[in-house]
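Chain by chain, the residues run as shown.
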Amino acid sequence: MILSNEARVRFLGLIVLLFSIETCFAERICVLGTGYVGLVTGVGLSVLGHHVCCVDVVAEKIAQLRAGRVPIYEPGLAELMAEPVRSGLLRFETDIQTVVCSSDVIFVAVGTPMSEDGAADLSALQKAIDDIAPMIKSYKVICIKSTVPVGTCQSIIQRLVKVGVARELFDVVSNPEFLREGSAVDDFMKPDRIVIGGNPESAQRIKALYQPLFDNGTACLLTNLESSELIKYSSNAMLAMRITFINEIARLCSKTGANVHDVAKGMGLDKRIGPAFLKSGPGFGGSCFQKDTKALEYIMKSHRVGAKLTQAIFKANAAHKQKILKDLTALLGDDVKNKKVTLLGLTFKANTDDIRDSFAIDAIKYFSELGILISAYDPQGMENMRKLFPHIAYCTSAMQAIRETDLIVMVTEWNEFKKLDLNIIAHQCRTKIIADLRSLFDGCELKCRGFRYYNLGN
Ligand code: UGA
C-alpha cells in the first residue's frame, strides 16, 4: 500500500500519540540491589515490557552489567537481558538519587542476611530506605522484595514519616520473591503465584506490572502487608521442613530395608502431600533456608510464640550433615590421616556457583581437621570455594579429582556427574568406594562393578 504524504504524516502522528499515551501511563521502575533477586526481577520486569533501571552501589557490578556481563551464574539470565538492554527498556546505574527521583515504583531487593543472634539483619534495607527518603517529592510505591520479618513494612512507613516524608507521597507494598537459584529465570516467567501485600490501590499497581503472567495462568494473592511478609518465611520453612523430614525417613530406610525414593514417591502421589521437595540428600544448603528458618524462629520467640517445630528444622538439618560426615569417615577405615577424599560438587545445588551453606563446606572443615587430604571438582563453584579454603586440591575435571582417591563423595547433582563412566572411575581411584549423596547412580550397577556404595535410604 502506497500512502500519500499527508496520510504518512497523519499515520506517524498517530504512532507518536499512541507512544506518548503509553509512556504517560507506563510505570517508571527502579530496582535497588542487583543480587540474584534484584537482577532477575529487574530483567524480568523489563522483559514484560516495562522501563526498568537497576541500581547498585557497587560500581564494578554496574560496569559489568553495562558491558552485557552478568556478575552471577544464573542460567539464561544473560541471554534474557540482551534484548531489553538493546531496546533501551533496561538500564543500570549507580546514582540512586537521580534514578529514584524519576521513578514511580521502587523495588527494594537488598540482602537481609542472618545476624549472630539468628534475627534478619535489616541494616542494608534501612540504609536503602534512608537513601530513598529525601528523594520522595512526588508519589511513589515502595515495593519490598527483600525477605523481611513480619512488621517490617509497617516500620518502614513509620521510619519514612518520622524523617518528614509526607504520608500521602508514598505507599509501601510487600511482594516477596520465590525464585530458586539455578532456575530463577523460569521461576520469574512462570511462577506458581505472585503474592502482593498492601493497601488495595498500591497493590493493584504492582499487580498490573505482572499482568502478562496472569494472562498465562499465574495465580495472584492480594493480602495485607503482614500476611505477605509471613507467607515468604512460612513457605521457606515448610520447604526446609519437608527436606529435613525426608532425610530422617531416609536414615530410617537405611536401617529397615525400605527405599526412600519409593517412600517419597508413594507419599507424593497423595495430592494433599505432593511430590516436590521430597528428595533426600546431604541436607539443605544455600543462603535462604538456614537464615529464614532461624529468622522465623527468632520472630516467633520475640512474639512469645512457641517455636519448637521451626527450631527443630535447623537443628535436625545440622545433625543430618554431621551424621553423614561421621559415616563417611568410618568408610575410610581406622587410620584416616593422609587418606584422600574427593568431593564431586561444591555448590549447594546444581546450576549455580553459590557455595553458601553447602555440604561441601562442612565436609572440607571436618575432613581437614582429621588430616584427610581433599581433592575437588565443580563446574562452577571452585573459584568461590578457593577463596574460603585455598589448601585443598582443585582439579580441572572429575576424572582428575578422583585419581588415587580413597573415597568419592557425590555432593552436588550436576548433570555432567550423572554421565561419568563408571569403568574409568573404577580404574582411576585407589579404593572403590562411592558415597552417592544425591542418588545419581544405580546402586546395583555400582555394586556389580565392585564398588562399595554408600547412599542414605537406598
Ligand atoms: C529457596 C526457595 O526454594 C525459593 O522459593 C526461595 O525464593 C529462595 O530459597 C529464597 O528465599 O531466596 P534456593 O535456596 O535457591 O531457593 O534453592 P532450593 O531449590 O530451594 O534448594 C535449597 C536446598 O534444598 C538445596 O541445598 C537443595 O539441594 C536442597 N533440596 C531441595 C533437597 O535436598 N531436596 C529437595 O527435594 C529439594
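Residues numbered from 1 in each chain as written. Predicted model: local features only at pLDDT ≥ 70, side-chain atom pairs only at ≥ 80, totals over all residues. Heavy atoms only, no water.

S.K.: Before we go on, may I ask you to explain the overall build of the protein chain in this structure?
M.R.: Helix and strand counts for the protein chain come out as 20 helices and 14 strands. On the principal axes, the C-alpha backbone points of the protein chain span a range of 85 × 65 × 45 Å. Looking at the 458 residues of the protein chain, the share that counts as buried comes to 50%. The centroid of the 54 positive side-chain charges in the protein chain is displaced by 3 Å from the centroid of its 50 negative side-chain charges. (Helix = DSSP H or I, 4+ residues; strand = E, 2+ residues; numbered from the N terminus. Buried < 20%, exposed > 50% of the residue type's maximum accessible area, 1.4 Å probe, protein only. Lys, Arg positive; Asp, Glu negative; His and termini not counted. Charge placed at Lys NZ, Arg CZ, Asp CG, Glu CD.)

S.K.: Can you help me understand the pattern of salt bridges in this one?
M.R.: Under the definition given, this model contains 24 salt bridges. Overlapping salt bridges bring together R66, R91 and E93 as one network. (Salt bridge = Lys/Arg side-chain N within 4 Å of Asp/Glu carboxyl O.)

S.K.: Teacher, can you tell me more about the site of the ligand here?
M.R.: In the vicinity of the ligand there are 20 residues, among which E177, E181, K232, N236 and K279 approach most closely. At a separation of 2.8 Å, an oxygen atom of the ligand approaches a polar side-chain atom of N236. Here the ligand loses 91% of its free accessible area of 700 Å² to cover by the protein chains. Breaking the shell around the ligand down by element, the ones donating at least two residues are α11 (225–256) and α13 (289–302). (Near = heavy atom within 4 Å. Polar contact = N/O pair within 3.5 Å; in protein donor to acceptor, adjacent residues only side chain to side chain. Areas by Shrake-Rupley, 256 points an atom, 1.4 Å probe, with all protein chains shown as cover.)

S.K.: Quick question: what am I supposed to make of the packing of α11 against helix α14 (residues 308–331) here?
M.R.: Geometry of a packed helix pair, given as the angle between the helix axes and the separation of the axes. The contact between α11 and α14 brings their axes to 9 Å, and the two run at 45°. In terms of orientation, α11 lies oblique with respect to α14. In the packing of α11 onto α14, the handedness of the crossing is left-handed. Where α11 approaches α14, its residues A237, A240, M241, T244, N247, E248 and R251 are matched on the opposing element by L309, I313, A316, N317, H320 and K323. (Axes fitted to C-alpha atoms, helices over the stretch in contact; angles between N-to-C directions. Parallel < 35°, antiparallel > 145°, perpendicular 65-115°, else oblique. Left-handed = near helix turned anticlockwise from the far one by under 90°. Contact = heavy atoms within 4.5 Å.)

S.K.: Looking at this structure, I do not really get the packing of aromatic side chains. What am I missing?
M.R.: The relative placement of two aromatic rings is captured by the distance of their centres and the angle of their planes. Overall, the coordinates contain five aromatic pairs when judged by the stated rule. For the pair F188 and Y210, a centre-to-centre distance of 6.2 Å together with 50° between the ring planes defines the contact as tilted. In this pair, F188 is assigned in helix α8 (residues 184–189) and Y210 in the loop between α9 (200–209) and α10 (211–215), connecting sequence segments 22 residues apart. Classification of F188 as buried rests on a relative accessible area of 6%. (Phe/Tyr/Trp six-rings, centres within 6.5 Å; stacked < 30°, edge-to-face > 60°.)

S.K.: Help me out: how do you make sense of the pairing of strand β5 (residues 140–144) in this one?
M.R.: Side chains on a regular strand alternate between the two faces of the sheet. Of all five residues that make up β5, five are buried, and the element is covered over most of its length. The two faces of β5 match: K140, I142 and I144 on one face and V141 and C143 on the other face are all buried. Examined bridge by bridge, strand β4 (residues 105–108) and β5 share four bridges and lie parallel to one another. When the bridges of β5 are listed, F107 appears paired with C143. Taken together, β4, helix α6 (residues 123–132) and β5 constitute a β-α-β crossover, and its handedness is right-handed. Pairing of β5 with strand β6 (residues 170–174) involves five bridges; the strand directions are parallel. (Pairing = 2+ DSSP bridges. Right-handed = clockwise from strand over helix to strand, strands pointing away.)

S.K.: Can you walk me through the environment of I355 in this structure?
M.R.: Here I355 is to be found in the loop between β9 (340–344) and α15 (359–369). With 26 residues separating them in the primary sequence, I355 and G381 have C-alpha atoms 6.4 Å apart. Residues in contact with I355, not counting those within four places in the same chain, are L346, T347, F348, I361, G381, N384, M385 and L388.

S.K.: How should I be thinking about the sheet that holds strand β14 (residues 452–454) in this particular structure?
M.R.: Pairing between sheet strands relies on hydrogen bonds along the backbone, with the strands arranged either parallel or antiparallel. Overall, parallel pairing links the six strands, which are arranged β11-β10-β9-β12-β13-β14 in an open sheet. In this open sheet, the two strands that pair with only one neighbour each are β11 (393–394) and β14. Sheet strands touched by α14: β12 (407–410), β13 (433–436) and β14. Its angle to β14, the strand with the most contacts, is close to 170°. Together, β9 and β10 (373–377) form the strand contacts of α15, whose direction differs from that of β9 by roughly 175°.

S.K.: Would you mind showing me how to read unusual backbone geometry here?
M.R.: Excluding glycine, a negative phi dihedral is what most residues carry, and trans is how most peptide bonds are arranged. Unusually for a residue other than glycine, N351 sits at a positive phi of about 65°. Taking the relative accessible area as the measure of exposure, N351 reaches 36% and is therefore partly exposed. Of note, the phi angle at D357 is positive, near 55°, even though the residue is not glycine. Relative to the helices and strands, D357 is located in the loop between β9 and α15.

S.K.: Which parts of the structure should I look at to understand helix α7 (residues 152–162)?
M.R.: Residues spaced three or four apart along an α-helix point in a common direction, a consequence of the helix completing one turn every 3.6 residues. The set of residues buried in α7 consists of T152, C153, I156, I157 and L160. Buried residues of α7, viewed axially, fall in a sector of 150°; they line one side. With respect to the buried face of α7, the exposed residues turned more than 90 degrees away are Q158 and K162. For α7, the secondary structure elements touched by its buried residues are α6, β5, β6 and α11. At the exit of α7 stands G164, carrying a positive phi of roughly 100°. (Arc of directions from axis to C-beta.)

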